[in-house]
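# Breakdown of the fold
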Amino acid sequence: FPYTTLFRSPMFAYNHRTDNKSYRILTPQMPLVRNAAQDTFRMDDYPMGANAVVAVISYTGYDMEDAMIINKAAYDRGFGAGHVYTYTIVDLDKSAPKGSRFANPKGDGYVEHLGPDGLPEVGSKLQQGMALWRAVDPTTGKSKTGMVKSAEDIQVDQVRLMGDGPGKPLLRVGIKLRYDRRPIIGDKFSSRHGQKGVLSTLWPAHNMPFSENGIIPDVIINPNA
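Before going into details, it helps to say that this report is about the structure given with it. (Residues numbered from 1 in each chain as written. Predicted model: local features only at pLDDT ≥ 70, side-chain atom pairs only at ≥ 80, totals over all residues. Heavy atoms only, no water.)

Further remarks concern the overall build of the chain. Scanning the chain from terminus to terminus reveals three helices and 13 strands. Taking 225 residues into account, the globule formula puts the C-alpha radius of gyration at 17 Å, and the chain, at 23 Å, lies well above it. Considering only C-alpha atoms, the chain reaches an extent of 75 × 40 × 25 Å along its principal axes. The burial tally for the chain puts 40% of its 225 residues in the buried class. Counting contacts in the chain only where the partners sit at least 6 residues apart, residues at least 24 apart contribute 65% of the total. (Helix = DSSP H or I, 4+ residues; strand = E, 2+ residues; numbered from the N terminus. Rg over C-alpha atoms; globule rule 2.2 N^0.38 Å. Buried < 20%, exposed > 50% of the residue type's maximum accessible area, 1.4 Å probe, protein only. Contact = heavy atoms within 4.5 Å.)

Quick look at the structure:
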């Protein structure tokens, strides 16, 4: 059962980044095996992967070619769980009638889950069809509401105000959204050599192969992969 590191990410400063799409593993671990260069560059200070017990054998046919098998018990413990972050910019000059400002006054069109400023609260959970932001024209009272288009449930991770300076109206905001991600059948786990590693099935732990010492693998790949 050789050691391997999966689910690598190139980023350390998630809270300060505004990537349009990025993946973050939720259970990072320090590598069990490392070389001197990794100590020099303090790689252990920034764990980016998960230690996995991997069996390289032909088993059940579900690990043929570029497919692999994941132990369902490891999956239930959080193996491979992560978040996908997306970042969207709302520009009122482009998204709402001229003169509109972010606001959510009580009355017609009031959105209960948005704050008084017309923006979502950090940590709030949203679903498709719910309001993501609201803007109101103070002169006419007409409002414009931006809706969540994603079919998946999302959480608001950050709301960044992008004003032009003190005394200037707030016309742009950046909203960072977070999607929960668990491995599902059909997902690809691309490694450094480009082999896709498609998850073919979640195999019950009591049906997994085991070593003489009783070690059960987390991942099974085929020698022909």
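Looking now at the environment of Ser150. Mapped onto the elements, Ser150 comes out in the loop between strand 9 (143-147) and strand 10 (154-161). For the pair Ser150 and Pro105, spaced 45 residues apart in sequence, the C-alpha to C-alpha distance is 26 Å. Those residues within four positions of Ser150 in sequence are excluded, and the remaining contacts are Gln128 and Tyr179. Polar contacts involving the side chain of Ser150 include one to the main-chain amide nitrogen of Glu152, which spans 3.1 Å. (Polar contact = N/O pair within 3.5 Å; in protein donor to acceptor, adjacent residues only side chain to side chain.)

Turning our eyes to something else, we now look at the pattern of salt bridges. Charged atoms that come close allow side chains of opposite charge to pair. Following the criterion strictly, the structure yields seven salt bridges and no others. Among the salt bridges present, the one from Lys72 reaches Asp76, with a minimum N-O distance of 3.2 Å. Placement of both Lys72 and Asp76 in helix 2 (residues 72-76) is noted, with a separation of four residues, approximately one turn of the helix. Take Lys72: its relative accessible area is 35%, and that puts it in the partly exposed class. Residue Asp157 is joined to Arg178 by a salt bridge in which the shortest nitrogen-to-oxygen separation is 2.5 Å. With Asp157 in strand 10 and Arg178 in strand 11 (residues 172-181), this residue pair connects regions lying 21 residues apart in the sequence. You can call Arg178 buried: its relative accessible area is 15%. (Salt bridge = Lys/Arg side-chain N within 4 Å of Asp/Glu carboxyl O.)

Every regular strand shows the same layout, with side chains that alternate between the two sheet faces. Burial within strand 4 (residues 67-71) is extensive, with five of its five residues counted as buried. By the alternation rule, side chains of strand 4 split into Ala67, Ile69 and Asn71 and Met68 and Ile70, which are all buried. As paired elements, strand 4 and strand 12 (residues 198-203) share five bridges and run parallel to each other. Bridging from a neighbouring strand, Asn71 pairs with Trp203 of strand 12. Looking at chain direction, strand 4 and strand 13 (residues 219-221) are connected through three bridges and run antiparallel. For Ile69, the partnering residue across the bridge sits in strand 13 and is Ile220. (Pairing = 2+ DSSP bridges.)

Our next topic: the environment of Asp153. Tracing the backbone shows Asp153 in the loop between strand 9 and strand 10. The spatial distance from the C-alpha of Asp153 to the C-alpha of Asp180 is 8.2 Å, given a sequence separation of 27 residues.

The computed volume of the second largest pocket comes to approximately 270 Å³. Along the wall of the second largest pocket there are 15 residues; nearest its centre are Thr88, Leu132, Trp133, Met147 and Lys149. Among the elements of the structure, strand 5 (82-91), strand 8 (131-136), strand 9 and strand 11 are those that each provide at least two residues to the lining of the second largest pocket. (1 Å grid on protein atoms, 1.4 Å probe; cavity = no way out; pocket = protein on both sides within 12 Å on 5 of 7 lines; lining within 4 Å. Points joined across faces, edges and corners; volume = space filled by probe spheres on them.)

Attention now goes to the packing of aromatic side chains. This model, assessed by the stated rule, comprises three aromatic pairs. Summarising the aromatic geometry, the rings of Tyr59 and Trp203 are spaced 6.5 Å apart at their centres and angled 80 degrees between planes, so their arrangement reads as edge-to-face. Here Trp203 lies in strand 12 and Tyr59 lies in the loop between strand 3 (50-56) and strand 4, a separation of 144 residues in the sequence. Relative accessible area serves as the criterion here: at 21%, Tyr59 is assigned to the partly exposed category. Under the relative-accessibility criterion, Trp203 is labelled buried at 19%. Among the aromatic side chains, those forming a connected cluster through ring pairs are Tyr59, Tyr62 and Trp203. (Phe/Tyr/Trp six-rings, centres within 6.5 Å; stacked < 30°, edge-to-face > 60°.)

One finds Leu92, Phe102, Leu132, Trp133, Ile175 and Leu177 to be the most contacted residues of the largest nonpolar core, which totals 18 residues. If you list the elements that add at least two residues to this core, you get strand 5, strand 8, strand 10 and strand 11. With near-sequence residues (within four places) excluded, Leu177 lies in contact with Val84, Tyr85, Thr86, Leu132, Ile154, Gln155, Val156 and Asp157. If you look at the next biggest cluster of nonpolar residues, it comprises twelve residues, including Ala50, Val54, Phe79 and Leu199. (Core = buried A, V, L, I, M, F, W, Y, C linked by side-chain atoms within 4.5 Å.)

Turning to the side chain of Ser200, a few remarks are in order. Summarising the element assignment, Ser200 is placed in strand 12. In terms of polar contacts, Ser200 uses its side chain to reach the backbone carbonyl oxygen of Met68, at 2.9 Å.

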